[in-house]
Amino acid sequence: MPPGNCQQGAGTDLGLNLPKTCLRPLSPLSARWNGEWASTGHSKEIEWRYLVDILNVTDLTTEFTATEMVLTMVLSFVLSAIIGWIYKITHRGTSYTQSFVFTLVLNGMVVALVMLVIGSDIARAFSLVGALSIIRFRNAVKETRDVGFIFFTMAIGMAVGTRFYLLAVFGTFGISLVILLMTRYDWYAREMSSHILHVQVQNGAPFETLFDKTLAKYTRSAELISADSVHSGMMTELTYSVGMKKPDQVQDFLTELGSLNGNNKVTLIAGYNGADL
């Protein structure tokens, strides 16, 4: 029936009292149903077309071509994997975890998919913000550098998802090169590394002045950070932040401290700025 053609009382054969209706052109699903009913001799195609069109579901996946979807997923995976590899080879300290690198790769791919879904639809963007607002992360990020890599993968995922493919490639390699250069040439590193010194002494020992001469002899700077009771209150553990004068004197420094505290436990954590405490 051509568009604009109206039928009075459609559905009376089914006992329905429908108003005057201007029927739309047949959808593919409606046409399939009408063909099956016509072949069996039934004459209710108007009613079926009316009901099927109401239940018709539109798949918006056709907004993207198969090439765009495959390219988005593959490119976001490759670029995120490169970022994960850069994170691995430039990481320092003891907090490296394989699961975090996996998360970086997944983060880039998921953000690319989300941006592909949102496109230029403002309503979808606000819906996404509302959905993500209920998510709470309770794991503390140990290093600010990790946060930078998270934003790195998010930015690349957004570029790929919005189909700025060339920008995503240049951004990945450009920022990765900067990270490699800063790591290779140790930019912004302090010439004098700070150390954490743990010394255990007997309760009642005059620790305020006990180590003054030794600290002045071997360190450029020394600051008492904390004093804690350990071993059920039988010992006191002192924590200092110290800067060594000469790195090759560490053994002599520890030996002299041991002779002063009765050969109790002495621990020196070298370069704590790059270590995890």
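In this text, all values refer to a predicted model and were calculated from it rather than measured experimentally.

What counts as what
- Sequence positions are assigned chain by chain, starting from 1 and proceeding in written order.
- The predicted nature of this model means local features are confined to residues of pLDDT at least 70 and side-chain atom pairs, given and counted, to a pLDDT of 80 or more, with totals for whole chains, interfaces and linings taken over all residues.
- To get the side-chain values, all heavy atoms of the structure are used, and hydrogens and water are removed first.
- Runs of E in the DSSP output that reach at least two residues are strands. Runs of H or I that reach at least four are helices, and both are numbered from the N terminus.
- Burial status follows relative accessibility: with a 1.4 Å probe on protein chains alone, a residue under 20% of its type maximum counts as buried, one over 50% as exposed, and anything between as partly exposed.
- Any two residues whose heavy atoms approach within 4.5 Å are treated as being in contact.
- Only the six-membered ring of Trp is used, alongside the rings of Phe and Tyr, when aromatic pairs are assigned; centres must lie within 6.5 Å, and planes under 30 degrees apart are stacked while those over 60 apart are edge-to-face, with the rest tilted.
- Structural elements are reduced to axes, namely lines fitted to C-alpha atoms, with helices fitted over the stretch in contact, and the angle between N-to-C directions of any two is expressed from 0 to 180 degrees.
- With respect to orientation, any angle under 35 degrees is reported as roughly parallel, any angle over 145 as roughly antiparallel, any angle of 65 to 115 as roughly perpendicular, and every other angle as oblique.
- The handedness criterion is simple: a crossing whose near helix is rotated anticlockwise from the far helix by less than a right angle is left-handed, and one whose near helix is rotated clockwise is right-handed.
- Residues were grouped as follows: Ala, Val, Leu, Ile, Met, Phe, Trp, Tyr, Cys and Pro as nonpolar; Asp, Glu, Lys and Arg as charged; and all remaining residues, including Gly, as polar.
- Any Lys or Arg side-chain nitrogen located within 4 Å of an Asp or Glu carboxyl oxygen qualifies as a salt bridge.
- pLDDT gives the predictor's per-residue confidence on a scale running from 0 to 100.
- Grouping into patches uses exposed residues only, defined as over 30% relative accessible area, and leaves out salt-bridged ones; the cut-off is 9 Å for like charges and 5 Å for nonpolar side chains (Val, Leu, Ile, Met, Phe, Trp, Tyr).
- Using a 1.4 Å probe, accessible areas were evaluated by the Shrake-Rupley method; residue-level cover was limited to the displayed protein chains.

As a further point, take the side chain of Thr-72. Mapped onto the secondary structure, Thr-72 falls in helix H3 (residues 66–90). Residue classification places Thr-72 among the buried positions, given a relative accessible area of 0%. Not counting the four nearest positions on each side in its chain, Thr-72 is found in contact with Ala-112, Leu-116, Val-160, Gly-161 and Tyr-165.

Attention now moves to the packing of aromatic side chains. Counted by the stated rule, this structure contains 6 aromatic pairs. For the ring pair Tyr-87 and Tyr-96, a centre distance of 6.1 Å and an interplane angle of 25° mean the geometry is stacked. Classification of Tyr-87 by relative accessible area gives buried; the value is 0%. Looking at Tyr-96, the relative accessible area reads 33%, which means it is partly exposed. Arranged with centres 6.4 Å apart and planes meeting at 50°, the rings of Phe-149 and Phe-152 form a pair that is tilted. A residue pair is termed a helical-turn pair when its members lie 3 or 4 positions apart in one helix, as Phe-149 and Phe-152 do in helix H6 (residues 144–161) at 3 residues. Pair check on accessibility: Phe-149 and Phe-152 agree, each one buried. Among the aromatic residues, those joined into a cluster by ring pairs are Tyr-87, Tyr-96, Phe-100, Phe-149 and Phe-152.

Glancing now at the packing of H3 against H6. Packing of H3 against H6 brings their axes to within 9 Å, and their N-to-C directions diverge by 160°. Classed by the angle they form, the pair H3 and H6 counts as roughly antiparallel. The hand of the H3/H6 crossing is right-handed. Mapping the contact onto sequence places Thr-72, Leu-75, Ser-76, Leu-79, Ile-83, Ile-86, Tyr-87 and Thr-90 in H3 and Arg-145, Asp-146, Phe-149, Phe-152, Thr-153, Ile-156, Val-160 and Gly-161 in H6. When grouped by side-chain class, the residues that make up the contact of H3 with H6 number 9 nonpolar, 5 polar and 2 charged.

Here we come to the pattern of salt bridges. Scanning all chains against the criterion turns up 3 salt bridges. Glu-256 is the salt-bridge partner of Lys-217, the closest N and O atoms lying 3.7 Å from each other. In this pair, Lys-217 sits in helix H9 (residues 212–218) while Glu-256 sits in helix H10 (residues 250–260), placing the two residues 39 residues apart along the sequence.

A few words on the confidence of the model for the protein. For the protein, per-residue confidence averages 77 on the pLDDT scale, and residues scoring 70 or more make up 68% of the total. In the model, residues 1–24 has pLDDT below 50 throughout and makes 38 contacts with residues more than four positions away in sequence or in other chains.

Together, Leu-177, Val-178, Leu-181, Met-182, Tyr-185, Trp-187 and Tyr-188 make up a nonpolar patch on the protein surface, roughly 770 Å² of accessible area in all. One can find Met-182 in helix H7 (residues 165–184).

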